[in-house]
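Structural characterization, general
What follows is the residue order along each chain.
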Amino acid sequence: MTQLYPGMTPAASVGGADKVLDHDEERDFIEAQLADFDVDGKRLTIVIPDGTRHAPVARILGFVRDALKDRPKDVRVVIAAGTHAAMDDDAIASLTGCEPGKFSETYPGWQIFNHEWWDENTFANLGAIDRKEIGELSGGRLTDRDMHVIVNKMVVDTDVNLVIGPVLPHEVVGISGGNKYFFPGLSGHDVIDMSHWVGALITCYEMIGSFGVTPVRKMIDAAADMIPAPKYLIGMIVKPGTLDNQFLSFGDSKTAWEACAEVSQKVHIKWCDKPYNLIVSMMPEMYEDFWTAAKGFYKLEPVCADGGKVILYAPHICSVADMHPGLRKIGYHNRDYFVKQWDKFRDHPWGELAHSTHVTGLGTYDPETGEEENRITCAFASKIPPEECAIYNKEYVDPDSLDFDELEKDPDVLIVHNAGELLHRLKDPSQISGDPELYK
């Protein structure tokens, strides 16, 4: 039985935190697991991440194709974009290892789709989870609102669902992957907004990298349980900075996730001896805006010294969040800024409120004086001009002003290349005032 889901059979797995799998090991594992996979003559929906997740999706998807052959009656691949922008043909080609516009030539008989979250016709309505149960799942943080569960109809109108994706520390749910590919990956706003806001109430600092069935994962699992078709996962633990897998799991979307989550804690967390006054997160070009590049802040906040600064260095980025124009209206603020002015913000999309707090970090707000104090500062170094940064309540840094040769000489400066994957934590967290209890 599994540790987190008592009574469920553990997933099959290969590899480990101290190993790197070669391609033959990956192929052999997938062939063995899918040999008896009950898809013969059935409709199969495969769920994959979008381009903001660093993983060898094309390689693993190819192994799945070769293992399944022509056994399924129908195969649809849907990209779990959440509320990200749709992927064009070039991006899909890069993600899946095909020529642009020729997915079906590389994957004969298969079709691929973006999750068109902006179109109401995308969704199937699975009903609602009542507010009493939401109160229990959220640990009492939300008690006055039902959660309406809508999800991409392709994972409902199918016989079997198979998720293929990496598992990593995550700011909202603790550790990503598993049923998170359905909610929020393929869901509508209610589950996204409510689950993300619960994560924000807990705080990103406390939540990110937390192993276990967190309150947010409980909400996600409850929503996923309403999907009638069985849900399986090929989970990946990707070696940081590479496209090599260290670990693969296969099984139910809960148990395969659990197996990966346990390994992720050993692979994706870097333990630091001290906090840093200045951190420069150098964001790779796969992040096209700060809505997604914000991971460079989430995963470095825990090792930034009190009063310090995290610079999101992304000279290629031209926009903050084109898909979320409401963020420009509220700007970036800490959790208490919204909670203590709830009547003013309660009707704003909660997912945007949550993102705002996650890219601000721990802090306080005094409604009597209107004074907001944040533990650290987050600055943007990009093509976004100073006046636009100011509208979002973010400090501007000229990307050309950063002298990396000099910065690297300073022991109180941390420069992180390819930021956004590896969570940094302090061996001795008492070195900063990061205890969320101080900010309640």
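Here the structure is a predicted model, which means the values were calculated and not measured.

Description of the packing of aromatic side chains
We describe a pair of aromatic rings using the distance from one ring centre to the other and the angle between the two ring planes. For the structure on display, the rule yields 16 aromatic pairs. Where Phe 37 meets Phe 250, the ring centres are 5.6 Å apart and the plane angle is 90°; that geometry is what we call edge-to-face. Residue Phe 37 is found in the loop between helix H1 (23-34) and strand S2 (43-49), and its partner Phe 250 is found in strand S11 (residues 245-252); the two are separated by 213 residues along the sequence. A relative accessible area of 6% places Phe 37 in the buried class. Consider the rings of Tyr 332 and Phe 380, whose centres lie 5.9 Å apart with planes at 85°: the pair is edge-to-face. Separated by 48 residues along the polypeptide, Tyr 332 in the loop between helix H12 (326-330) and helix H13 (335-339) and Phe 380 in strand S17 (residues 377-381) bring together distant segments of the chain. Both residues of the pair, Tyr 332 and Phe 380, belong to the buried class. Grouped by ring-pair contacts, the aromatic residues Phe 290, Tyr 332, Phe 380 and Tyr 392 constitute a single cluster.

A look at the environment of Val 57
For Val 57, the location among the structural elements is in helix H2 (residues 57-68). The exposure class assigned to Val 57 is buried, which follows from its relative accessible area of 1%. For the pair Val 57 and Ile 164, spaced 107 residues apart in sequence, the C-alpha to C-alpha distance is 7.5 Å. Residues contacting Val 57, with those up to four places away along its chain left out, are Ile 48, Pro 49 and Leu 95.

Details of H2
Compared with the 16 Å implied by 1.5 Å per residue over 12 residues, the 16 Å span of H2 between its first and last C-alpha is a close match. With 9 of 12 residues buried, H2 is to be regarded as a mostly interior element. Burial in H2 covers these residues: Val 57, Arg 59, Ile 60, Leu 61, Gly 62, Phe 63, Val 64, Ala 67 and Leu 68. Within two residues after H2, Lys 69 carries a phi angle of roughly 50°, on the positive side.

A few points about the side chain of His 348
You can see His 348 is positioned in the loop between helix H14 (342-345) and helix H15 (350-358). In contact with His 348, other than residues within four places in its own chain, are Gly 326, Leu 327, Ile 330 and Leu 353.

A short note on the pattern of salt bridges
In the structure shown here, the tally under the stated rule is 20 salt bridges. Two residues, Lys 274 and Asp 412, come together in a salt bridge whose shortest N-O distance is 3.6 Å. Taken together, the residues Lys 274 in the loop between strand S12 (269-272) and strand S13 (276-282) and Asp 412 in the loop between helix H17 (404-407) and strand S19 (413-416) connect sequence positions 138 residues apart. A salt bridge links Glu 406 to Lys 409, with the nearest nitrogen and oxygen atoms 3.1 Å apart. Judged by its relative accessible area of 61%, Lys 409 is exposed.

Concerning the sheet that holds S19
Read from one edge of the open sheet, 5 strands run S18-S17-S14-S13-S19, paired in parallel fashion. Looking at which strands have only one partner, the edges of the open sheet turn out to be strand S18 (395-396) and S19.

Considerations on the packing of helix H6 (residues 189-202) against helix H8 (residues 215-224)
Two elements in contact, H6 and H8, have axes whose closest approach is 9 Å; the angle formed by their N-to-C orientations is 170°. Taken together, the axes of H6 and H8 lie roughly antiparallel to each other. Residues Met 194, Ser 195, Val 198, Gly 199 and Ile 202 of H6 form the contact with H8, whose participating residues are Pro 215, Val 216 and Met 219. Split by residue class, the contact of H6 with H8 holds 6 nonpolar, 2 polar and no charged.

Describing the nonpolar core
Formed by 99 residues in total, the largest nonpolar core has its most connected members in Val 47, Phe 183, Trp 197, Phe 290 and Val 320. Discounting residues that sit within four places of it in the chain, Val 320 has contacts with Asp 289, Phe 290, Trp 291, Leu 327, Tyr 332, Phe 380, Ile 384 and Tyr 392. Ranked by size, the runner-up nonpolar core spans 37 residues in total, among them Ile 30, Ala 55, Val 57 and Phe 63.

Describing the domain arrangement of the protein
Domain boundaries in the protein define domain 1 (12-269) and domain 2 (273-438). Each of domain 1 and domain 2 was reduced to a C-alpha centroid, and the two centroids are 27 Å apart. Contacts between domain 1 and domain 2 engage 34 residues on the former and 32 residues on the latter. Considering only the surface of domain 1 that becomes buried against domain 2, Trp 197, Tyr 205 and Ile 208 emerge as the three largest contributors, covering 27% of it. The partner of Lys 295 in a salt bridge is Glu 171, with the nearest N and O atoms 3.5 Å apart. Applying the counting rule to domain 1 against domain 2 returns 6 residue pairs in polar contact (both at pLDDT 80 or more). Listed by contribution, the elements that provide at least two residues to the side of domain 1 that touches domain 2 are strand S8 (169-170), H6 and helix H7 (204-207). Of all the elements, H6 adds the most residues to the side of domain 1 that touches domain 2, at 7 residues. A per-class count over the side of domain 1 that touches domain 2 returns 16 nonpolar, 12 polar and 6 charged.

Reading guide: rules and limits
Residues numbered from 1 in each chain as written. Predicted model: local features only at pLDDT ≥ 70, side-chain atom pairs only at ≥ 80, totals over all residues. Heavy atoms only, no water. Phe/Tyr/Trp six-rings, centres within 6.5 Å; stacked < 30°, edge-to-face > 60°. Helix = DSSP H or I, 4+ residues; strand = E, 2+ residues; numbered from the N terminus. Buried < 20%, exposed > 50% of the residue type's maximum accessible area, 1.4 Å probe, protein only. Contact = heavy atoms within 4.5 Å. Expected span 1.5 Å × (residues − 1). Salt bridge = Lys/Arg side-chain N within 4 Å of Asp/Glu carboxyl O. Pairing = 2+ DSSP bridges. Axes fitted to C-alpha atoms, helices over the stretch in contact; angles between N-to-C directions. Parallel < 35°, antiparallel > 145°, perpendicular 65-115°, else oblique. Nonpolar A, V, L, I, M, F, W, Y, C, P; charged D, E, K, R; others polar. Core = buried A, V, L, I, M, F, W, Y, C linked by side-chain atoms within 4.5 Å. Domains from an automatic or database assignment. Buried area = accessible area lost by both parts, 1.4 Å probe. Polar contact = N/O pair within 3.5 Å; in protein donor to acceptor, adjacent residues only side chain to side chain.

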